[in-house]
Amino acid sequence: MTTTARNGKRSEVKRYEHASTDLLRRQDRARRSGLVSLVIPTKNEARNLAWVLEQVPRCVDEVVLVDASIDATRTMALACRPDVRLVDQTGPGKGNALRAGFAASHGDRIVMMDADGSMSPTEIPHFVHFLDNGYDFVKGSRFMGGGGSLDITRLRHAGNWGLLTVVNLLYHSNLTDLCYGYCAFDRRFLDHLDLTADGFDIEAQMTIHALKAGLRIAEVPSLELPRRSGRSNLHAYSDGRCVLRTILRDRPRDTHPRLPHALVNDRSGIHEASLPTEA
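All values reported here derive from a predicted model rather than from experimental measurement.

Draft legend 1. Representation of the overall build of the protein chain in the model. For the protein chain, the helix and strand inventory stands at ten helices and ten strands. Only carbon and sulfur atoms are counted for the fraction: they give 53% of the accessible area of the protein chain, which is about 14,700 Å².

What follows is the structure, given as structure tokens:
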């Protein structure tokens, strides 16, 4: 056998070994990460849903749609994704829908997002990445480096900032966003989140209870897009008051002296996480 032939055979063997190693790593990653469920609450989102479902990445194993629509939302969902799981919403409110979706899902990792097109499904791998790398609760942030919003009004921005300030003071945290419903968490901690909210305050309640439970929290940059069509069900004043009531109702009752900021952050495991180069 010539030297060239021997070198070619060695190169082929090395390529095979690298391919086998890469396959084993992917299989091991799949075993560690488990199934990913995407929960989407819908109410008359037929015109927006196709755009959302067509962009769901391959890392999502199950899509759970919790529906309270009177339009063609369900028909559109099945046309775009025949394997979608449809769940009837039994009560009013976004919180009610999400709680029903969490209960009906089977994934080890649960991602929640809206159906109006304001959240891009292409960001889901970043949320899953941090769940697979030691974090228990991952929340999108429009106000950290790399994030942004093309939709938020000045009133909503001011309200979010005020409510966020209250939470950061009460829990000695350094979060950058509160009222944003793009989140993911490990199913093992669903009971610890102790979700009871029926309305838009469920997003704040999830974050507050994650802080109280001592979960490892990561914030990832997210770009909020304009709603593709239709009108939002959010009412800034009434829903803002509801969020504030939830914050005050669930506030810490202890009177221990405040620890230094850095020590509290280290103990609670709150970090701002930059986007991975690969997710």
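From this point, the discussion proceeds with the structure in view.
Draft legend 2. Spatial organisation of the pairing of strand β5 (residues 137-141). Counting buried positions along β5 yields five of five residues, so the element is predominantly enclosed. Neither face of β5 is open: one carries Phe137, Lys139 and Ser141, the other Val138 and Gly140, and all of them are buried. Bridge count between β5 and strand β7 (residues 183-186): three bridges; the pairing is antiparallel. When the bridges of β7 are listed, Val138 appears paired with Ala184. Bridge count between β5 and strand β8 (residues 217-221): five bridges; the pairing is parallel. Residue pairing in the sheet places Phe137 in a bridge with Ile217 of β8.

Draft legend 3. Fine view of the confidence of the model for the protein chain. Residues of the protein chain with pLDDT of at least 70 account for 75%, and the chain-wide mean is 82. Below pLDDT 50 for its whole length, residues 23-32 participates in two contacts with residues either more than four positions away or in separate chains. Residue range residues 255-270 is modelled with pLDDT below 50. Its contacts to residues more than four positions away, or to other chains, number 24 contacts.

Draft legend 4. Seen up close, unusual backbone geometry. Phi is positive for Asn44, which is not a glycine, with a value near 60°. Residue position: Asn44 is located in the loop between β1 (36-42) and α2 (46-53). Classification of Asn44 as partly exposed rests on a relative accessible area of 33%. Of note in this structure, Asp194 is not a glycine but carries a positive phi near 50°. Here Asp194 is to be found in the loop between α7 (190-193) and α8 (202-212).

Draft legend 5. Examining the pattern of salt bridges more closely. Enumeration according to the criterion identifies 14 salt bridges in this entry. With its nearest N and O atoms 3.1 Å apart, the salt bridge here joins Asp186 to Arg188. Given a relative accessible area of 60%, Arg188 falls into the exposed group. One network of salt bridges, in which partners are shared, links Arg109, Asp132, Asp186 and Arg188.

Draft legend 6. Just the packing of α2 against helix α3 (residues 73-80), in detail. For the pair α2 and α3, the least separation of the axes is 9 Å and the interaxial angle reads 20°. The orientation of α2 relative to α3 falls into the category roughly parallel. For the crossing formed where α2 meets α3, the hand is right-handed. Residues Ala46, Leu49, Ala50 and Leu53 of α2 touch α3, and the partners they reach there are Thr73, Met76, Ala77 and Cys80. Looking at the contact of α2 with α3, its residues break down into seven nonpolar, one polar and no charged.

Draft legend 7. Fine view of α2. Counting buried positions along α2 gives six out of eight residues, so the element sits mostly inside the fold. At its buried positions, α2 is contacted by β1, β2 (62-67) and α3.

Draft legend 8. Highlighting the nonpolar core. In this structure, Phe102, Phe137, Phe185 and Met206 are the most contacted members of the largest nonpolar core, which totals 34 residues. Among the secondary structure elements, those contributing two or more residues to this core are β2, α4 (94-104), β4 (109-112), α6 (154-171), β7, α7, α8 and α9 (236-249). Apart from the residues lying within four places of it in its own chain, the contact partners of Phe102 are Val39, Ile110, Met112, Phe185, Arg187, Leu190, Leu195 and Met206. By size, the runner-up hydrophobic cluster in this structure holds 28 residues, among which are Leu49, Phe127, Leu131 and Tyr182.

Draft legend 9. Expanded view of the environment of Gly95. With respect to the helices and strands, Gly95 occurs in helix α4. The buried category is assigned to Gly95, whose relative accessible area is 0%. Distance from Gly95 to Asp201, taken between C-alpha atoms, is 7.3 Å for residues 106 residues apart in sequence.

Draft legend 10. Examining the packing of aromatic side chains more closely. By the definition in use, this model includes four aromatic pairs. When the centroid spacing of 5.9 Å and the interplanar angle of 70° are considered together, the rings of Phe130 and Tyr135 count as edge-to-face. For the pair shown, Phe130 and Tyr135 are each scored as buried. Arranged with centres 6.5 Å apart and planes meeting at 65°, the rings of Tyr180 and Tyr182 form a pair that is edge-to-face. Using a relative accessible area of 0% as the deciding quantity, one classes Tyr182 as buried. By the ring-pair criterion, three or more aromatic residues cluster together here, those being Phe127, Tyr180 and Tyr182.

Rules used in this analysis
Residues numbered from 1 in each chain as written. Predicted model: local features only at pLDDT ≥ 70, side-chain atom pairs only at ≥ 80, totals over all residues. Heavy atoms only, no water. Helix = DSSP H or I, 4+ residues; strand = E, 2+ residues; numbered from the N terminus. Areas by Shrake-Rupley, 256 points an atom, 1.4 Å probe, with all protein chains shown as cover. Buried < 20%, exposed > 50% of the residue type's maximum accessible area, 1.4 Å probe, protein only. Pairing = 2+ DSSP bridges. pLDDT = per-residue confidence, 0-100. Contact = heavy atoms within 4.5 Å. Salt bridge = Lys/Arg side-chain N within 4 Å of Asp/Glu carboxyl O. Axes fitted to C-alpha atoms, helices over the stretch in contact; angles between N-to-C directions. Parallel < 35°, antiparallel > 145°, perpendicular 65-115°, else oblique. Left-handed = near helix turned anticlockwise from the far one by under 90°. Nonpolar A, V, L, I, M, F, W, Y, C, P; charged D, E, K, R; others polar. Core = buried A, V, L, I, M, F, W, Y, C linked by side-chain atoms within 4.5 Å. Phe/Tyr/Trp six-rings, centres within 6.5 Å; stacked < 30°, edge-to-face > 60°.

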